[in-house]
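Here's the letter readout for the chains.
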Amino acid sequence: MQSRFARRAVVCVLLSSAATAAVAGAPDTSLRPRSRAITPARTRPQARTNLQDLIALSGLTGTVSVLLTDTASGEVIEGNTPDMPLPPASVTKAVTALYALETLGTDHRFETRIFADGPIRDGVLDGDLILVGGGNPNLVTDDLADLAQTLKDTGLTSVTGRFYVHDNVLPNLDEIDDSQLNHLGYNPAISGLNLNFNRVHFEWKRAGGAYTVAMDARSKQHRPSVTIAKMRIVDRDVPVYTYRDGGDLDEWTVARGALGRGGSRWLPVRYPALYAGEVFATFARSQGIVLSPPSEIPAVRGTAIATHQSDDLQTMMRAMMQFSTNLTAEVAGLAATEERAGQARGLRTSALGMTRWTKERAGIAAQFADHSGLGDTTRITATGMVALLNAAGVASVMRPVLKTIPFLDDNKRPIADFPAQVLAKTGTLNFVSSLAGYIRTTSGRDLTFAIFAGDLDARAAGKLSNDEQPFGSITYNTNAKKLQAKLLRRWARLS
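Residues numbered from 1 in each chain as written. Predicted model: local features only at pLDDT ≥ 70, side-chain atom pairs only at ≥ 80, totals over all residues. Heavy atoms only, no water.

Caption draft 1: Broad picture of the overall build of the protein chain. Along its length, the protein chain carries 11 helices and 22 strands. Counting every position in the protein chain, which comprises 495 residues, the buried fraction comes to 52%. At a minimum sequence separation of 6, the contacts of the protein chain that also span at least 24 residues come to 71%. Surface accessibility of the protein chain: about 20900 Å² in total, with carbon and sulfur atoms responsible for 50%. (Helix = DSSP H or I, 4+ residues; strand = E, 2+ residues; numbered from the N terminus. Buried < 20%, exposed > 50% of the residue type's maximum accessible area, 1.4 Å probe, protein only. Contact = heavy atoms within 4.5 Å. Areas by Shrake-Rupley, 256 points an atom, 1.4 Å probe, with all protein chains shown as cover.)

Caption draft 2: Structural context of the sheet that holds strand 6 (residues 124–125). Reading across from one edge, 5-6-8 is the order of the three strands in this open sheet, with mixed pairing throughout. Taken across any chain shown, the strands that pair with only one partner, and hence form the sheet edges, are strand 5 (120–121) and strand 8 (158–159). (Pairing = 2+ DSSP bridges.)

Caption draft 3: Local environment of the side chain of Thr441. In this fold, Thr441 is placed in the loop between strand 21 (432–440) and strand 22 (446–454). What makes Thr441 buried here is its relative accessible area of 2%. A distance of 2.9 Å separates the side chain of Thr441 from the side chain of Ser443, its partner in a polar contact. If we ignore the near neighbours within four places in the chain, the residues touching Thr441 are Pro419, Ala420, Leu447, Trp491, Ala492 and Leu494. (Polar contact = N/O pair within 3.5 Å; in protein donor to acceptor, adjacent residues only side chain to side chain.)

Caption draft 4: Broad picture of the sheet that holds strand 22. Strands sit in the order 3-2-22-21-20-18 across an open sheet of six strands; the sheet is antiparallel. Every interior strand has two partners, whereas the edge strands, strand 3 (76–80) and strand 18 (403–404), have only one. Sheet analysis places strand 18 next to strand 20 (residues 421–429), joined by two bridges and oriented antiparallel. Across the sheet, the residue bridging to Thr404 is Leu423, located in strand 20.

Caption draft 5: Structural detail: the pattern of salt bridges. One pass over the full model with this rule turns up 16 salt bridges. Notably, a salt bridge pairs Arg445 with Glu75, separated by 3.7 Å at the nearest N-O pair. Taken as a pair, Arg445 in the loop between strand 21 and strand 22 and Glu75 in the loop between strand 2 (63–70) and strand 3 lie far apart in primary sequence, 370 residues in all. Residue Arg256 pairs with Asp235 through a salt bridge whose shortest N-O separation is 2.6 Å. Of this pair, Arg256 sits in the loop between strand 14 (250–255) and strand 15 (262–268) while Asp235 sits in the loop between strand 12 (229–234) and strand 13 (241–245), and the two are 21 residues apart along the sequence. When its relative accessible area of 68% is taken as the criterion, Asp235 is described as exposed. One connected set of salt bridges, linked through shared partners, spans Asp70, Glu75 and Arg445. (Salt bridge = Lys/Arg side-chain N within 4 Å of Asp/Glu carboxyl O.)

Caption draft 6: Representation of the layout of surface pockets. Here the second largest pocket defines a volume of roughly 500 Å³. Broken down by secondary-structure element, the contributors of at least two residues to the lining of the second largest pocket are helix 3 (141–153), strand 17 (303–309) and helix 5 (313–323). (1 Å grid on protein atoms, 1.4 Å probe; cavity = no way out; pocket = protein on both sides within 12 Å on 5 of 7 lines; lining within 4 Å. Points joined across faces, edges and corners; volume = space filled by probe spheres on them.)

Caption draft 7: Seen up close, the packing of aromatic side chains. Applying the stated rule across the entire model yields seven aromatic pairs. Residues Phe431 and Tyr476 carry aromatic rings whose centres are separated by 5.8 Å and whose planes lie at 55 degrees to one another, so their mutual orientation is tilted. Taken together, the positions of Phe431 in the loop between strand 20 and strand 21 and Tyr476 in helix 11 (residues 473–492) put the pair 45 residues apart, joining distant regions of the chain. Ring-pair connections join several aromatic residues into one group, and the members of that group are Phe202, Trp204 and Tyr241. The ring centre of Trp266 lies 4.3 Å from the NZ or CZ of Arg199, which sits over that ring. (Phe/Tyr/Trp six-rings, centres within 6.5 Å; stacked < 30°, edge-to-face > 60°. Lys NZ or Arg CZ within 6 Å of the ring centre and 35° of its normal.)

Caption draft 8: Region of the structure containing the nonpolar core. If you look at the biggest cluster of nonpolar residues, it comprises 53 residues, and the most contacted ones within it are Met317, Met385, Met398 and Phe452. Put simply, the parts of the chain that give this core at least two residues each are helix 2 (92–104), helix 5, helix 6 (326–341), helix 7 (347–362), helix 8 (382–390), helix 9 (394–398), strand 21 and strand 22. In terms of residue count, helix 2 provides more of this core than any other element does, eight residues in total. Those residues in contact with Met317 that sit more than four places away from it in its chain are Ala97, Leu101, Thr328, Ala332 and Val401. (Core = buried A, V, L, I, M, F, W, Y, C linked by side-chain atoms within 4.5 Å.)

Caption draft 9: Region of interest: the pairing of strand 20. Among the nine residues in strand 20, seven count as buried, and that is most of the element. The pairing of strand 20 with strand 21 spans nine bridges and is antiparallel. Bridged to Thr426 within strand 21 is Leu435. Linkage of strand 20 to strand 21, two consecutive antiparallel strands, is achieved through a turn of two residues, within which Phe431 is found at a positive phi near 65 degrees.

Caption draft 10: Region of the structure containing the environment of Gly257. Relative to the helices and strands, Gly257 resides in the loop between strand 14 and strand 15. A sequence separation of 19 residues divides Gly257 from Val238, and the C-alpha atoms of the two residues are 7.9 Å apart. Setting aside its immediate chain neighbours within four residues, Gly257 contacts Arg236 and Asp237.

Caption draft 11: Summary view of the packing of helix 2 against helix 7. In contact at an axis separation of 11 Å, helix 2 and helix 7 are set at 80 degrees when each is read in the N-to-C sense. Considering their axes alone, helix 2 and helix 7 lie roughly perpendicular with respect to each other. Residues Thr92, Val95, Thr96, Leu98, Tyr99 and Glu102 of helix 2 form the contact with helix 7, whose participating residues are Ser350, Gly353, Met354, Trp357, Thr358 and Arg361. (Axes fitted to C-alpha atoms, helices over the stretch in contact; angles between N-to-C directions. Parallel < 35°, antiparallel > 145°, perpendicular 65-115°, else oblique.)

Caption draft 12: Just the pairing of strand 4 (residues 111–117), in detail. One ladder, built from six bridges, connects strand 4 with strand 17; its direction is antiparallel. Of the residues in strand 17, the one forming a bridge with Ile114 is Ala306. When strand 4 meets strand 7 (residues 128–132), the two strands line up antiparallel, connected through five bridges. Across the sheet, Phe115 pairs through a bridge with Ile130, a residue of strand 7.

Caption draft 13: Region of the structure containing the side chain of Asp70. Of note, Asp70 is situated in strand 2. Within polar-contact distance, the side chain of Asp70 engages the backbone nitrogen of Ala72 at 3.0 Å. Setting aside its immediate chain neighbours within four residues, Asp70 contacts Glu75, Ile77, Asn390, Arg445, Asp446 and Leu447.

Caption draft 14: View of helix 2. With 13 residues, helix 2 extends 18 Å between its outermost C-alpha atoms, agreeing within 8% with the 18 Å of an ideal straight helix rising 1.5 Å per residue. With 12 of 13 residues buried, helix 2 is to be regarded as a mostly interior element. Regarding helix 2, the residues found buried are Thr92, Lys93, Ala94, Val95, Thr96, Ala97, Leu98, Tyr99, Ala100, Leu101, Thr103 and Leu104. Each element contacted by the buried residues of helix 2 is listed here: helix 5, helix 6, helix 7, helix 8, helix 9 and strand 20. (Expected span 1.5 Å × (residues − 1).)

Structure, rendered in structure tokens:
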């Protein structure tokens, strides 16, 4: 495990992660020419706005890179600075999904297993029990409850030895991107044994003048309390959160002045294997199997006696596109690189492997810092992204996993039975907004597009502010999404 860190303070409690959607009801901006005949002012049709005008009217600073092509022929329909490398943010996950699916196969599954290191006689294991992670990034608390039931069903009743956890199937990292603020739940540790996307749920309530706090590993059916992460309320206004490595546990403080009446948020876990071990031991105890506190072990011993399998990879990639889970992307990319290289690689080396693969797969130049898009040193052009999506055989792999982007009315309500379809991946960082995928027009024509917008100077300044949402970032990303919506509406009308 890498050395821990003490990082700068922040002033915001919550970070919202917005998804991009196409908005209906925008002015007609079809590419078809209109009659230039002069008509009375009240009935004169609006002028057709070209792509550059729409970008200029968006109010976006920095660079806006756009490319639209015909999917079948590759014909360029329109574009704006399409060869400018920009951070794609979570559009990176579309590249990762293709990389993982073509390398590991759609039916690939991750296994979490229980090993018994010793003989079992009359339900008693005379030896150690080991929880072995297979890298599953989507393992949740309810899955560990099921695994404990499976263990009980084997007839095991007690363990005389120790309880261990093993997570070395993948590299262990404290976080995905070390330039992010340390309390952000979407920047968790990476491990071969993950749980709840390596996040712990922190909840606080005020009763009178006092607060109660809870740290738990909740999922749909269960919410066991945990001790691997501890929270202490302190009398201050800022910073809102501080973190300290407590030696096999995470020690947090939170500012009393920021708590209000009550609330909750997810915080990252830096010891995910021990976190999973503590939760599993809770469920084993509920089955009558008492285990010692978990300890990490470097190598697996014994025989597998219980197994939990993840969903197939295609299902996992579809969920990743829907919810933009960073841990899923990182594990999928790391597993794909390991399959290609024949051994585990670190995150930066694995990202370099995906960079080389995109060159081989579609002849494009890109630079990936990770597999999720969280690190903003990743660069790709709109030309490169569209070329990858248009490469032979790619659409048949990507269409089943890309997210359907609905057309919305002016009140942000979906328009039922709208005669066009967008399958795409969104991406959002402060002062960075992206969207790429496929659109089927109202006439049934298939198009491929990429829209990348970024003000990198504003992003750099915002990171220095220590603010989750730097001044101006919400307005920038809102304007970027409005532009995306107008472009999708424009393109949906193409014949």
